[in-house]
Amino acid sequence: MKVLIVGGSSSHRGGLEIFCERAVAALSLNRGLDVRSMPTGSAFLTPRRLPSLLLGLLRLARELVIRRPDVVWIQYAALPDLFYLVLAKVFFVQVAVTPHLGVAWRSRRHPLLRKVSNLLLRCADSVAVL
């Protein structure tokens, strides 16, 4: 089974990136799993950093076509991470989402952003809460 873990950033190392590394290491212990990870490029997103998000989405589309993972496990830390969810569902791939949100996250505090994120989360096949 091919698992693609999507989340974190290659330019902003922190807790989410460490979580992704540990998840890859733990899942890789199962010889029946082929586990890879891919950063999203959505951390601290500003208009100037928008190209990194778009490149990340293109990388995911390439992975979905070439490698065809069985499951995409998305680490949701900011609303743009859910664009990866939508893209994976367009390719008919099973998607699990783990929210890494606190009460201070804008996408949880702001009513419109909360509504949009809840709507997008409904596209996931499963939500894995830690």
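Residues numbered from 1 in each chain as written. Predicted model: local features only at pLDDT ≥ 70, side-chain atom pairs only at ≥ 80, totals over all residues. Heavy atoms only, no water.

Novice: Give a description of the packing of helix H3 (residues 81-90) against helix H5 (residues 111-121) that names residues and reports values.
Specialist: Running from amino to carboxyl end, H3 crosses H5 at an angle of 30°, the nearest separation of the two axes being 10 Å. As summarised for this structure, H3 and H5 are arranged roughly parallel, according to the angle between their axes. Pair H3 / H5 crosses with left-handed handedness. Two secondary-structure elements touch here, H3 through Leu 82, Leu 85 and Val 86 and H5 through Ser 117, Leu 120 and Leu 121. (Axes fitted to C-alpha atoms, helices over the stretch in contact; angles between N-to-C directions. Helix = DSSP H or I, 4+ residues; strand = E, 2+ residues; numbered from the N terminus. Parallel < 35°, antiparallel > 145°, perpendicular 65-115°, else oblique. Left-handed = near helix turned anticlockwise from the far one by under 90°. Contact = heavy atoms within 4.5 Å.)

Novice: Describe the nonpolar core, with residues and values.
Specialist: Ranked by internal contacts, the top residues of the largest apolar core, which has 23 residues, are Val 6, Leu 60, Val 72, Ile 74, Tyr 84 and Val 97. Elements with a contribution of two residues or more to this core: strand E1 (2-6), helix H2 (50-66), strand E3 (71-76), H3, strand E4 (94-99) and H5. In this structure, Leu 60 is in contact with Leu 4, Val 6, Met 38, Tyr 84, Leu 87 and Ala 88, ignoring residues within four places of it in sequence. Ile 5, Ala 23, Trp 73 and Ala 77 belong to the second largest nonpolar core, which has ten residues in total. (Core = buried A, V, L, I, M, F, W, Y, C linked by side-chain atoms within 4.5 Å. Buried < 20%, exposed > 50% of the residue type's maximum accessible area, 1.4 Å probe, protein only.)

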